[in-house]
Amino acid sequence: MKKLDLKKFDDAYLQFVKGADATSHRRAITALLERVGLEEMFARCLAEDGVKSFFLLWERAGREEEDLKERRGLKALGVLSKRFYEKRDYRELCELFYNMIFRHTAEFLHLEERADFRKLTDHDLYTKGLLPPEIFLQLFLIETPVKNTNFDWDRNEAIAEQNLACLIVCLGDIYDFFHDQEEGEDEELENETEPRRKVGRNEPCPCGSGKKFKKCCGGF
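What counts and how
Residues numbered from 1 in each chain as written. Predicted model: local features only at pLDDT ≥ 70, side-chain atom pairs only at ≥ 80, totals over all residues. Heavy atoms only, no water. Helix = DSSP H or I, 4+ residues; strand = E, 2+ residues; numbered from the N terminus. Expected span 1.5 Å × (residues − 1). Buried < 20%, exposed > 50% of the residue type's maximum accessible area, 1.4 Å probe, protein only. Contact = heavy atoms within 4.5 Å. 1 Å grid on protein atoms, 1.4 Å probe; cavity = no way out; pocket = protein on both sides within 12 Å on 5 of 7 lines; lining within 4 Å. Points joined across faces, edges and corners; volume = space filled by probe spheres on them. Nonpolar A, V, L, I, M, F, W, Y, C, P; charged D, E, K, R; others polar. Axes fitted to C-alpha atoms, helices over the stretch in contact; angles between N-to-C directions. Parallel < 35°, antiparallel > 145°, perpendicular 65-115°, else oblique.

(A) Region of the structure containing helix α7 (residues 90-108). With 19 residues, α7 extends 27 Å between its outermost C-alpha atoms, agreeing within 8% with the 27 Å of an ideal straight helix rising 1.5 Å per residue. Taken together, the buried positions of α7 are Y90, L93, C94, L96, F97, Y98, M100, I101, F102, T105 and F108. Where α7 terminates, the next one or two residues include H110, which has phi positive at roughly 55°.

In structure tokens:
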């Protein structure tokens, strides 16, 4: 992740939230995404009409999914995202995907199993250092159109399309990160000479600390 120039970041973020000129707005998003290496993907998404295809693909994905539970979820997501996109209900559209990514973030981090975590909040994610800085930034950009009351969707269609393209590339990169991490964990398990024994939360921690597992390594 590139070194942060706070003034440039603040200027770009302000333009992202409220800027009314489409050219300047696109430059601002590009500047924000340059920090995490996603500026080319953003440009490609806009050039290839990736926004429209992204929000209409979920229905097809639902038809092709073999797992019945996943199929129902993808079908529902497809119906809602298509409706919101075609009606230009962009805030509702972003909220739909914002809720999805934060639910999957909680599942990815196994927060329900942690002794020190009862509720997922952006503040906790940041202060506990549970994800890399570049992922935090992308979550922050996904969150902004939903939670920042100053964020203006009613500028023009070009700016709305840019905002949605930003959402898409951030979502894609975060899920790639999740996938890569999970693949790495699977490889580690395959390379172990002995299978892991599941440790009960009230059993002594295998690290040898003398504490219960849930109060030690099992609680992070």
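(B) Local environment of the environment of A160. Residue placement: A160 occurs in helix α10 (residues 157-191). Distance in space between the C-alpha atoms of A160 and A22 is 9.2 Å, their sequence separation being 138 residues. Not counting chain neighbours up to four residues away, the residues in contact with A160 comprise Y90 and W153.

(C) Seen up close, the layout of surface pockets. In this structure, the second largest pocket spans a volume of roughly 440 Å³. Contributing to the lining of the second largest pocket are 18 residues, with E70, L74, M100, R103 and H104 lying nearest its centre. If you list the elements that add at least two residues to the lining of the second largest pocket, you get α6 (68-87), α7 and α10. By residue number, the principal contributor to the lining of the second largest pocket is α6, which donates seven residues. Partitioning the lining of the second largest pocket into residue classes produces eleven nonpolar, three polar and four charged.

(D) Seen up close, the packing of helix α2 (residues 22-34) against helix α3 (residues 39-47). Following both chains from N to C, one finds α2 and α3 inclined at 140°, their axes separated by 8 Å at the closest point. Between α2 and α3, the angle is such that the two are oblique. For the pair α2 and α3, contact is made by R26, I29, T30, L33 and E34 and by E39, F42, A43 and L46, respectively. The residue makeup of the contact of α2 with α3, split by class, is five nonpolar, one polar and three charged.

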